[in-house]
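# Analysis of the macromolecular model
The chain contents come next:
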Protein chains: 2
Amino acid sequence: MNIVLLSGGSGKRLWPLSNDIRSKQFIKLFRREDGSYESMVQRVYRQIRQVDREATVTIATSRTQVSAIHNQLGTEVGISIEPCRRDTFPAIALACAYLHDVRGLDLQEAAVICPVDPYVDSDYFEALGRLGCLAETGEANLALMGIRPTYPSEKYGYIIPEDDREISLVRTFKEKPDLETAKTYMELGALWNGGVFACRIGYILDRAYEQTGLRDYHDLFARYETLKKISFDYAVVEREPKIQVMRFDGGWKDLGTWNTLTEEMSEPVIGQGIRDESCENVSIINELNIPVLCMGLKNVIVSAGPDGILVSDREKSSYIKPYVDEIRQQVMFAEKSWGSFTILDLEERSLTIRVTLNPGHSMNYHSHDHRDEVWTVVSGSGTAVIDGERRPVAPGDILRMPAGCRHMITADTELKLIEVQMGHEISVHDKHKYPLPEASQIG
Amino acid sequence: MNIVLLSGGSGKRLWPLSNDIRSKQFIKLFRREDGSYESMVQRVYRQIRQVDREATVTIATSRTQVSAIHNQLGTEVGISIEPCRRDTFPAIALACAYLHDVRGLDLQEAAVICPVDPYVDSDYFEALGRLGCLAETGEANLALMGIRPTYPSEKYGYIIPEDDREISLVRTFKEKPDLETAKTYMELGALWNGGVFACRIGYILDRAYEQTGLRDYHDLFARYETLKKISFDYAVVEREPKIQVMRFDGGWKDLGTWNTLTEEMSEPVIGQGIRDESCENVSIINELNIPVLCMGLKNVIVSAGPDGILVSDREKSSYIKPYVDEIRQQVMFAEKSWGSFTILDLEERSLTIRVTLNPGHSMNYHSHDHRDEVWTVVSGSGTAVIDGERRPVAPGDILRMPAGCRHMITADTELKLIEVQMGHEISVHDKHKYPLPEASQIG
């Protein structure tokens, strides 16, 4: 199975735990059997691997997510990087070109395209395998998955099939309906359109060529910014006369809001949280290292992280986006390919950060024009390079990097340091990267 | 007027903004005319000064509050330090001995004793002045203030006066009643007992001598721990046959819980807070520098500070204490006589703190046995003394203090530094204080 996971979105709907650079799919909310937590993307990746050890998994995403993907899934997973946001058709075309030109897949092979964030069981991924086979061997160019509705939802588009067999042709598509219409659709045997489909790679590249004049990965990548923003539905699905739909009857849930997400959490409290006896249906998700105490609340979600604190009625939590859009703030936490950082303190002319480097990882060799930095290593060991000079580092070591000084650090074990940045203009954009000098190569 | 403010309590009822060392009376919640905020103790002290510029104000409290009092009120205010907690009679006896022996007041002068945290207007302090005069000139040994009830409260004791004149003799006292009884008391013209009274200093010292054999300040202070825990009501009021009560008809409120406190806040949001349109009767008090977003809540209080986050139904917030008792945690914020500190990060073998020194203030000259410390000065200027050597400090300066190193810093302007503590055993008890060596005296 070749699966392309569409990983988009700035994830404001799950603020404060998601932010501009940390999308909801990377928040660790699901308890593993060993008691640790995994994110949506880790859960999906693990489930795919359990169903098909040989699956080619490619994540179609923006550059900002690459660090988090590598941090959470390792480096084996394929990533098709969209140079900018251009809606689903260009993203899928680029990912399919990547599968053919970079990963060497045959044009006749099928790719299964699905969102990265469905909350499902392994039967879903088994169904994706069958959907891929259907796309390679079936009578239609496109094979869609139709999810059997469990209630008359107003949130999803509907697929009306020709008949009620497991696989049938699509009669028509319907936009998100109102409640009454949704009930009628359900009576007609309509299925939810979860944005999951399969087709041959060559089919997508033909569509790409028709619409953009490009089909080669490097061309698509280089000229990505010039491509028209258009969804796959408009660009392909609506123009395709013959589409098959495969029914899926298993559990499927779109965890796009705090309300739907917390319903699937195995425990009501993650992190430090206390609920008094009068609390009813209260979920606490707390990434801060201070306790949350809830008293006398009903149907409330409390979510606390370095970016902020949300206290919301369950139903209302779906309407969070415009409020979060109003909050202009520094990103206080980010996962990077080498580890993570959390902003601890923001003053007028200084910024204090806790930096955690994962074992064996290095940050880039870099300098800043407008700020001095001080590192105090508090745990772990590794090697720093400061203006070309290597030195081992251990807890208690202090490194001073005035503006202009080139610096980096590599962790042998997990390494934590407190970084104090000082200057009149502290900005993430004040950064120059350099190759590491030969003489100071590490490892 | 000689006024003694009783400042007790660990203030767990206003967690997370109050904690073991920061009582509720020091939280800055009340907006001044200039837009800044003042605490209960600052508000009361300002009100007393407005009514009587010459008033002698003494705060009877424990040692843990001295730093915060000096920080908020300056050093002019009198402080009677209780060496340990021994209930109100020993505290009042010690404070009156302090007024006589340390401040030199005559035994015939009256002291007005009242809690530090009533929420009142200046007419209350004008009434306290009259209460003091009544104690000096009236026919009874004790003059109580009786607050005219505004509703049949079950929270207060009641005073039943002999008649309904402004000043009358007390017929009897009643314990906190149930609702029906409270209604009956109100019909009888009963008054709330707010724990406010006046009497001659000599009268208190006579009672102290009768019950403890001591009346001298230094004796009471030295043997304070041996004194019996007994309330002023039991020790004095109940044994006194002739007590006058003066009616007070003005506004008076006991702000002991989040519910009563937030009702008196002039704005519903202090700090960074957003409430969506569907919120009703929601208060946000946020001392963190990240935003709180509330959606769809009714009658809820959100309070966030370095020690934790409370989300509570208004009514339920009165029952917070047992839950807070369960939370065993490091104090994350404290006011000191020289400024304040906030814990930014707690790791297994390190602690990162932001220290703020007020202009002209110094921390103690001290050392630690079991931890190394690093200071990075991020703003302001001052002078440090490290193992006897003076050096000026400015932003960007780094000072390294290994275990055993004696150190202190004096601020010229407000000075902020990031302190990283590192060691296997990091404890507030690991501290030795020293006199500053002659050669390095500052100022």
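Residues numbered from 1 in each chain as written. Chains lettered and ligands numbered in written order. Predicted model: local features only at pLDDT ≥ 70, side-chain atom pairs only at ≥ 80, totals over all residues. Heavy atoms only, no water.

### Things to note about the overall build of chain A
Selection criterion: Only DSSP runs of H or I reaching four residues or more are called helices, and only runs of E reaching two or more are called strands; each is numbered from the N terminus. Radius of gyration here is computed from C-alpha atoms only, and the compact-globule reference equals 2.2 Å multiplied by the residue count raised to the power 0.38. Buried residues are those whose accessible area, probed at 1.4 Å on protein chains only, stays under 20% of the maximum for their type, while exposed residues exceed 50% and partly exposed ones sit between those limits. We call two residues in contact when some of their heavy atoms are within 4.5 Å. Surface exposure here means Shrake-Rupley accessible area, sampled with a 1.4 Å probe, where a residue is shielded only by the protein chains that are shown. Note on charges: Lys and Arg go in the positive column, Asp and Glu in the negative column, and His and the chain ends are not counted at all. We put the charge of a Lys on NZ, of an Arg on CZ, of an Asp on CG and of a Glu on CD.
In terms of regular secondary structure, chain A is built from 10 helices and 30 strands. Taking 443 residues into account, the globule formula puts the C-alpha radius of gyration at 22 Å, and chain A, at 24 Å, falls close to it. By principal-axis analysis of the C-alpha atoms, chain A measures approximately 70 × 60 × 40 Å. By the burial criterion, 56% of the 443 residues in chain A qualify as buried. Counted over contacts in chain A with a minimum sequence separation of 6, partners at least 24 positions apart contribute 64%. Put simply, chain A shows about 19000 Å² of open surface, and 46% of that area lies on carbon and sulfur atoms. The average position of the 50 basic charges and that of the 65 acidic charges among the side chains of chain A differ by 1 Å.

### With respect to the interface of chain B and chain A
The condition that has to hold: We define buried area as the total accessible area lost by two parts upon association, computed with a 1.4 Å probe and summed across both. The term salt bridge refers to a pairing of a side-chain nitrogen on Lys or Arg with a carboxyl oxygen on Asp or Glu at a separation within 4 Å.
With 53 residues of chain B at the contact, the number on the chain A side is 53 residues. For the pair chain B and chain A, the two sides together bury roughly 4300 Å², of which 70% comes from carbon and sulfur. When the area that chain B buries against chain A is broken down by residue, the three leading residues are Leu293(B), Met295(B) and Ile309(B), summing to 16%. Applying the counting rule to chain B against chain A returns six salt bridges. The closest approach of N and O atoms between Glu347(A) and Lys416(B), which form a salt bridge, is 2.7 Å.

### Quick look at the relation of the copies chain B and chain A
The line we're drawing: When the copies are superposed, the least-squares fit draws on C-alpha atoms of residues that have pLDDT of at least 70 in both.
Mapping chain B onto chain A calls for a screw motion: a turn of 179 degrees about the axis and a shift of 0.0 Å along it, with 0.1 Å RMSD after fitting. When the rotation and shift are considered jointly, the pair of chain copies conforms to a two-fold rotation axis. In terms of proximity to the rotation axis, the leading residue of chain B is Leu344(B), whose C-alpha is 2.8 Å off the axis.

### What about the sheet that holds strand β18 (residues 298–305) of chain B?
Which entries qualify depends on this criterion: Any two strands with at least two DSSP-identified bridges between them are counted as paired.
The six strands lie next to each other as β15(A)-β17(A)-β19(B)-β18(B)-β16(B)-β14(B), forming an open sheet whose pairing is mixed. Two strands bound the open sheet, and with one partner strand each, they are β15 (273–275) of chain A together with β14 (269–270) of chain B. Pairing between strand β17 (residues 292–295) of chain A and strand β19 (residues 308–313) of chain B: four bridges, direction parallel. Bridge pairing in β19(B) links Met295(A) to Ser312(B).

### What about the pairing of strand β22 (residues 350–357) of chain A?
Residue and element names in this part refer to chain A. Burial analysis of β22 places eight of its eight residues in the buried class, the great majority of the element. Alternating positions in β22 separate into two faces, Ser 350, Thr 352, Arg 354 and Thr 356 on one and Leu 351, Ile 353, Val 355 and Leu 357 on the other, with burial throughout. Here strand β21 (residues 339–346) pairs with β22 via seven bridges, running antiparallel. Looking across to β22, one finds that Asp 345 is bridged to Thr 352. What sits between β21 and β22 in their antiparallel hairpin is a turn of three residues. Where β22 lies against strand β29 (residues 415–422), eight bridges are found, and the strand directions are antiparallel. Counterpart to Thr 352 in the pairing with β29 is Val 420.

### Side note on the side chain of Asp313(A)
If you trace the backbone, Asp313(A) turns up in strand β19 (residues 308–313). We note that Asp313(A) is buried and unpaired, the nearest opposite charge coming from Lys316(A) at a distance of 6.5 Å. Beyond its immediate stretch of four places on either side in the chain, Asp313(A) contacts Asn299(A), Val300(A), Met295(B), Gly296(B) and Leu297(B).

### Remarks on the packing of aromatic side chains
Condition: Put simply, two rings from Phe, Tyr or Trp (the six-membered ring, in Trp's case) pair if the centres are within 6.5 Å, and we call them stacked under 30 degrees between planes, edge-to-face over 60, tilted for the rest.
Tallied over the entire structure, the rule returns 26 aromatic pairs over all chains. Seen from their ring centres, Phe89(A) and Phe232(A) are 6.4 Å apart, and the 35 degrees between their planes marks the pair as tilted. Of the two residues, Phe89(A) sits in helix α3 (residues 88–102) while Phe232(A) sits in helix α8 (residues 232–235), which places them 143 residues apart along the sequence. For the pair Tyr158(B) and Tyr185(B), a centre-to-centre distance of 5.2 Å together with 55 degrees between the ring planes defines the contact as tilted. Taken together, the positions of Tyr158(B) in strand β9 (residues 157–161) and Tyr185(B) in helix α5 (residues 179–187) put the pair 27 residues apart, joining distant regions of the chain. Both residues of the pair, Tyr158(B) and Tyr185(B), count as buried.

### Section: helix α4 (residues 122–137) of chain B
Residue and element names in this part refer to chain B. For clarity, the cut-off: Helix span, as expected, comes to 1.5 Å for every residue beyond the first. The arc in question is the one traced by the directions running from the helix axis out to the C-beta atoms.
Taking 1.5 Å per residue as the helical rise, α4 with its 16 residues ought to reach 22 Å, and the 23 Å between its terminal C-alpha atoms agrees with that figure. By the burial criterion, the buried members of α4 are Tyr 124, Phe 125, Ala 127, Leu 128, Leu 131, Gly 132, Leu 134 and Ala 135. For α4, the angular spread of buried residues about the axis comes to 160 degrees, placing them on one side.

### Some points on the environment of Tyr203(B)
All names here are of chain B. Residue position: Tyr 203 is located in helix α6 (residues 201–212). Residue Tyr 203 is classed as buried on the basis of its relative accessible area of 4%. Not counting chain neighbours up to four residues away, the residues in contact with Tyr 203 comprise Asn 141, Leu 142, Val 236 and Glu 240.

### Observations regarding the side chain of Ser278(B)
Put simply, the test is: Here a polar contact is recorded for every N or O atom pair within 3.5 Å, except that within protein the pair must consist of a potential hydrogen donor and a potential acceptor, and residues adjacent in sequence are included only if both atoms are side-chain atoms.
Assignment of secondary structure puts Ser278(B) in the loop between β15 (273–275) and β16 (280–286). For Ser278(B), a relative accessible area of 18% gives the class buried. A polar side-chain atom of Ser278(B) sits 2.9 Å from a polar atom in the side chain of Asp276(B). Engagement of the side chain of Ser278(B) in a polar contact is seen with the backbone nitrogen of Gly296(B), the distance being 3.2 Å. Apart from the residues lying within four places of it in its own chain, the contact partners of Ser278(B) are Lys316(A), Met295(B), Gly296(B), Leu297(B) and Lys298(B).

### Notes on the state of the cysteines
The following threshold applies: What counts as a disulfide here is a pair of cysteine sulfur atoms lying within 2.5 Å.
According to the stated counting rule, one finds zero disulfides over all chains in the structure shown. Counting only cysteine sulfurs, Cys199(B) is the nearest neighbor of Cys96(B), a cysteine outside any disulfide, at a range of 5.9 Å.

### Quick look at the pairing of strand β2 (residues 28–31) of chain B
Residues and elements named next belong to chain B. Note that β2 and strand β3 (residues 37–39) share three bridges and pair antiparallel. Each bridged residue has a counterpart across the sheet, and for Arg 31 the counterpart in β3 is Tyr 37. Taking the residues that link successive antiparallel strands as the turn, the β2-β3 hairpin has five residues, and the phi of Gly 35 there is positive, at about 95 degrees.

### Brief notes about the pattern of salt bridges
As enumerated under the stated definition, the model contains 44 salt bridges over all chains in all. A salt bridge links Arg354(B) to Glu347(A); the nearest nitrogen and oxygen atoms lie 3.5 Å apart. Linking Arg354(B) in strand β22 (residues 350–357) with Glu347(A) in the loop between β21 and β22, this pair reaches from one chain into another. We note that Arg354(B), like Glu347(A), is buried. Where Arg85(B) meets Glu82(B), a salt bridge forms, and the shortest distance between an N and an O atom there is 3.3 Å. Several salt bridges converge on common partners, so that one network encompasses Asp345(A), Glu347(A), Arg354(B) and Lys416(B).

### So, the sheet that holds strand β14 (residues 269–270) of chain A
Strand order in the open sheet formed by six strands is β14(A)-β16(A)-β18(A)-β19(A)-β17(B)-β15(B), and the pairing between neighbours is mixed. Each having just a single partner strand, β14 of chain A together with β15 of chain B make up the two edges of the open sheet. Pairing geometry for β15(B) and strand β17 (residues 292–295) of chain B, over three bridges, is parallel. Its bridge partner being in β17(B), Arg275(B) is matched across the sheet by Cys294(B).

### As for the confidence of the model for chain A
Going by this rule: What pLDDT conveys is the predictor's confidence in a given residue, as a value from 0 to 100.
A residue-level look at chain A finds 98% of positions with pLDDT of 70 or above and a mean pLDDT of 92. We note a pTM of 0.79 for the whole complex and an ipTM of 0.79 for its interfaces.

### A look at unusual backbone geometry
In the segment running from Trp15(A) into Pro16(A), the intervening peptide bond is cis, with an omega of 5 degrees. Here Pro16(A) is to be found in the loop between β1 (2–6) and β2 (28–31). The backbone of Asp87(A) sits at a positive phi, close to 65 degrees, despite the residue not being glycine. By secondary structure assignment, the location of Asp87(A) is in the loop between β5 (78–82) and α3. The phi torsion at Asn281(B) lies on the positive side, around 55 degrees, for a residue other than glycine. Among the secondary structure elements, Asn281(B) is positioned in strand β16.

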